[in-house]
Each structure stands twice: as structure tokens, then as C-alpha cells.
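# Working through the structure, step by step
Next come the chains, spelled out residue by residue.
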Amino acid sequence: MSVHSALDLFVRKLCQRSCLTEEEKGAILALEGREAEIPPHQDIVRPGELTDFSCLVVSGMAARFGQLPDGLRQITAVYIPGDMCDLYSLMLPKVEWALQALSARLTIIRVPHQQLKDLVQAYPAVAEAFWRDCVADASILSQWVVNVGRRDARKRTAHLFCELSLRIEQAGLGSRHSFQVLAIQSQLADALGMTPVHMNRVMRALRQDNLLIVQGRDVQVPDWDALAAVGGFEGGYLEMNQSWRQAH
Amino acid sequence: MTLYHLNLFNDADVWDEEGRDFVNLAAAEKEAVRNARDIIAEHIRHGLPVDLNDRLEIADRDGTVLKVVRFGECVFFKR
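### A few points about the overall build of chain B
Looking only at helices and strands, chain B has one helix and five strands in total. Scaling as 2.2 N^0.38, a compact globule of 79 residues should have a C-alpha radius of gyration of about 12 Å, and chain B matches this with 13 Å. Seen through its C-alpha atoms, chain B measures out along the principal axes to roughly 40 × 25 × 15 Å. In chain B, which comprises 79 residues, the share counted as buried stands at 44%.

Right under this line is the structure:
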């Protein structure tokens, strides 16, 4: 996927939540940045690092994680192509959480904060759209906390795959029934607060019930509604259908 | 780093096809205990029986079993 395609996806995602004019969309598409290939497990932004750019995922998957003083980490968000993972860094350029490559083929664009600042100063509707994107990110995090704290392993796993399937479908990168997850199972287990062997066991049970079939990176969901019912999944928290909202 | 597979044998047999890299066998064993406790905890939360003979087998990339971690070795009970 090219840099321009990734910006297209970013605009597409923003427009699912905000109304933007052609001029505003064009201004976002004109953003430029430095492309970088990040090896798997490598940090894109380290905890506490001061940044002057935000990262747009071009291809592959990235994750946000929190880290304890002894180095133990927990994934708190996953990002797919078209996500500006740390848009918040425009306002908070130094945070204690950080970003890491999940997949073997993660490509990002580092978009300088100055460009983003100039953009939002010139176009207040873009500032609103960015703000709404950050709120949606917080909404997803809030749902993840409930998922980890209140759902059992089977429901938790079903819920995560439903979320990923919808996000990937909305980005135009697959359908909710068939898509790719460019992360290894132990990383997804980490995101769910489970151990990898436990997650393997849950995945096997979901496969036996013909709810979720994972082969390598390829995921098949034969009956999406049934998987959503298992996970108690309701997609409203993704805030993906807010385009009715006027940008004023 | 060495690739080890943590294969589960309890009410379902689950093969770890991906495997993971560990510094050494001791590190893989520590991880096996952590994983076993996670599964045991889920069983307990749901009031399901825990078979202390269930096990995790640590195998190398050729499938040779290097270490067996039984659930009974991972939890301790006091009466």
C-alpha cells in the first residue's frame, strides 16, 4: 500500500465520524511525512520519548502498550492501516505509553506535528475530526477495559475479533467474514490479558463451534452474528457512523 | 533465543503451532507454569473441575518433548 493510499484510508476513517469538505479532505491528503519500515517487536515510540511526529499506519499492524517499571508490557490498543496511531501526541508529545510494531511488515509514515498543527489551524473542521478520532480511540480503550475486566476468555476473544473485523471492513481492507490479522497469537493474547496457551485453547473451541477459523494470518468468520452474540459485541463504541454529524 | 512450542493436554489437546522464542528452557518452563495457572484460574472462576494431571509439554522445533509441566505442580492448596 502506498503513502497516498494510507492517507486516503485515514480520510475515509475521519469521514465516517465527521463531515469534511473536499477542500478539507484535500488538505489532509496533502500531508507529507517520512516513510519507515519497522521490524516486528521494535518500538516506534519508546515510553517517555518526546516526539515531534505522529505515525500513520501504511501497512501491517501496530500496537500501543503500557510498561511497568520491571519492563513487563500490556498491549492497550491495536492499529490497522489508515489509523494515525498517536494523533494524541500532537497535544501530548511525551507520554508514558508507547507504540510498537506487531507485524513483520509494518510500514508507517511519520507526519511532522508542525504540518498537523498548520492543518488544524487552517481548518477548524479538521481539528474537530481529529478530536473526534481521539475520542473514538478512548471509547475503544474503555470497551477493552470492560472486555478484560468483565468478560470470560471466550467472550473476550470473540469480542476482539468482532471489533477487528468491523474496523478492517470499514477501512475497506477485507470483509467482516474474511480478513487478515497481521499479528501473532501471543500478541493478541497479550491484548486480551490472557496467556497464549489459554488463548490457543479458546481459539480451538471457537473453531470447533465453526465461529472463528484462523489459519496463519487469515481469519474466517462463517457466522458473524453468532460470533457477535458469543462476545456480547455491540459496535456502537467504535463510533463509526457519525457522519450525520455536521462539522460546525 | 530458541524456539519452543508449549502444547496443552487437558480437556482438549491444543498444539502450539507458532511457538515462541525463549532465552532457554528454564524461561519456557516459567512461561508454561504461568499459562497453566491462567487456564486453571479460568476453570475455577467458572466452577469447572481442575484435573491436576493435565499438562503442558514443552517441545523443540522438531517436536521432541523437553519438559512436562503438570497442572498439579503449578498450584498449591492448604487445608
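### Overview of the interface of chain B and chain A
Contact residues are listed per partner, giving 20 residues for chain B and 14 residues for chain A. Taken together, the links from chain B to chain A amount to two salt bridges. One salt bridge in this structure joins arginine 217 of chain A and glutamate 18 of chain B, with 3.6 Å as the shortest N-O distance. Linking chain B with chain A are eleven residue pairs in polar contact (both at pLDDT 80 or more), by the criterion used here. Those elements giving two or more residues to the side of chain B that touches chain A turn out to be strand 1 (2-9), strand 2 (13-14) and helix 1 (25-45) of chain B. In terms of residue count, the dominant contributor to the side of chain B that touches chain A is helix 1 of chain B (seven residues).

### Description of helix 8 (residues 224-231) of chain A
Residue and element names in this part refer to chain A. Residues Trp224, Leu227, Ala228 and Gly231 constitute the buried set of helix 8. Relative to the axis of helix 8, the buried residues are bounded by an arc of 100° and lie together on one face. Exposed residues pointing more than 90 degrees away from the buried face of helix 8 are listed as Asp225 and Ala229. Structurally, helix 8 contributes buried residues whose contacts are with helix 5 (153-170) and helix 7 (196-208). Downstream of helix 8 by a residue or two, glycine 232 has a phi angle that is positive, lying close to 60°.

### Focus: the pattern of salt bridges
All names here are of chain B. Using the criterion set out here, one finds 20 salt bridges over all chains in the structure. Put simply, glutamate 29 and lysine 67 hold a salt bridge, and the shortest N to O gap is 3.7 Å. You can see glutamate 29 sitting in helix 1 and its partner lysine 67 sitting in strand 5 (residues 65-70), a full 38 residues away along the chain. The partly exposed category is assigned to glutamate 29, whose relative accessible area is 27%. We note a salt bridge from glutamate 57 to arginine 55, for which the minimum N-O separation is 2.9 Å.

### A word on the environment of leucine 25 of chain B
Residues and elements named next belong to chain B. Structurally, the position occupied by leucine 25 is in helix 1. C-alpha separation for the pair leucine 25 and methionine 1, spaced 24 residues apart in sequence, amounts to 10.0 Å. Excluding its chain neighbours within four sequence positions, the residues that come into contact with leucine 25 are Tyr4, Ile58, Leu66 and Lys67.

### Overview of the pairing of strand 5 (residues 73-79) of chain A
All names here are of chain A. Here strand 4 (residues 62-67) pairs with strand 5 via six bridges, running antiparallel. In the strand pairing of strand 5, arginine 64 is matched with alanine 77. Counting the residues in the hairpin turn of strand 4 and strand 5 gives five residues, including glycine 71, whose phi is positive at 100°.

### A few points about the state of the cysteines
As used in these notes, a disulfide is a covalent bond between sulfur atoms, one from each of two cysteines. Residue and element names in this part refer to chain A. One pass over the full model with this rule turns up zero disulfides over all chains. The thiol of cysteine 15 is unpaired, and the distance to the nearest cysteine sulfur, on cysteine 19, comes to 7.9 Å. There is no disulfide at cysteine 85, and the cysteine sulfur nearest it, in cysteine 55, is 5.6 Å away. Judged by its relative accessible area of 1%, cysteine 85 falls in the buried class.

### Focus on the side chain of threonine 195 of chain A
Along the chain, threonine 195 of chain A falls in the loop between helix 6 (185-191) and helix 7. Since its relative accessible area comes to 3%, threonine 195 of chain A is described here as buried. Discounting chain neighbours no more than four positions away, the residues touching threonine 195 of chain A are Ala189 of chain A together with Arg34, Asn35 and Asp38 of chain B.

### A short note on the domain arrangement of chain A
Residue and element names in this part refer to chain A. Taken domain by domain, chain A comprises domain 1 (3-137) and domain 2 (143-238). Here domain 1 and domain 2 have C-alpha centroids that lie 23 Å from each other. On the domain 2 side, the residues contacting the 21 residues of domain 1 number 19 residues. Surface buried jointly by domain 1 and domain 2 totals about 1600 Å² across both partners, of which 55% is contributed by carbon and sulfur atoms. Taken together, the connections running from domain 1 to domain 2 amount to one salt bridge. Residue arginine 167 pairs with aspartate 83 through a salt bridge whose shortest N-O separation is 3.1 Å. Applying the counting rule to domain 1 against domain 2 returns eight residue pairs in polar contact (both at pLDDT 80 or more). At the level of elements, helix 1 (3-17) and strand 5 are the ones that each hand at least two residues to the side of domain 1 that touches domain 2. For the side of domain 1 that touches domain 2, the class distribution of residues is ten nonpolar, six polar and five charged.

Rules behind the numbers
Residues numbered from 1 in each chain as written. Chains lettered and ligands numbered in written order. Predicted model: local features only at pLDDT ≥ 70, side-chain atom pairs only at ≥ 80, totals over all residues. Heavy atoms only, no water. Helix = DSSP H or I, 4+ residues; strand = E, 2+ residues; numbered from the N terminus. Rg over C-alpha atoms; globule rule 2.2 N^0.38 Å. Buried < 20%, exposed > 50% of the residue type's maximum accessible area, 1.4 Å probe, protein only. Contact = heavy atoms within 4.5 Å. Salt bridge = Lys/Arg side-chain N within 4 Å of Asp/Glu carboxyl O. Polar contact = N/O pair within 3.5 Å; in protein donor to acceptor, adjacent residues only side chain to side chain. Arc of directions from axis to C-beta. Pairing = 2+ DSSP bridges. Disulfide = S-S within 2.5 Å. Domains from an automatic or database assignment. Buried area = accessible area lost by both parts, 1.4 Å probe. Nonpolar A, V, L, I, M, F, W, Y, C, P; charged D, E, K, R; others polar.

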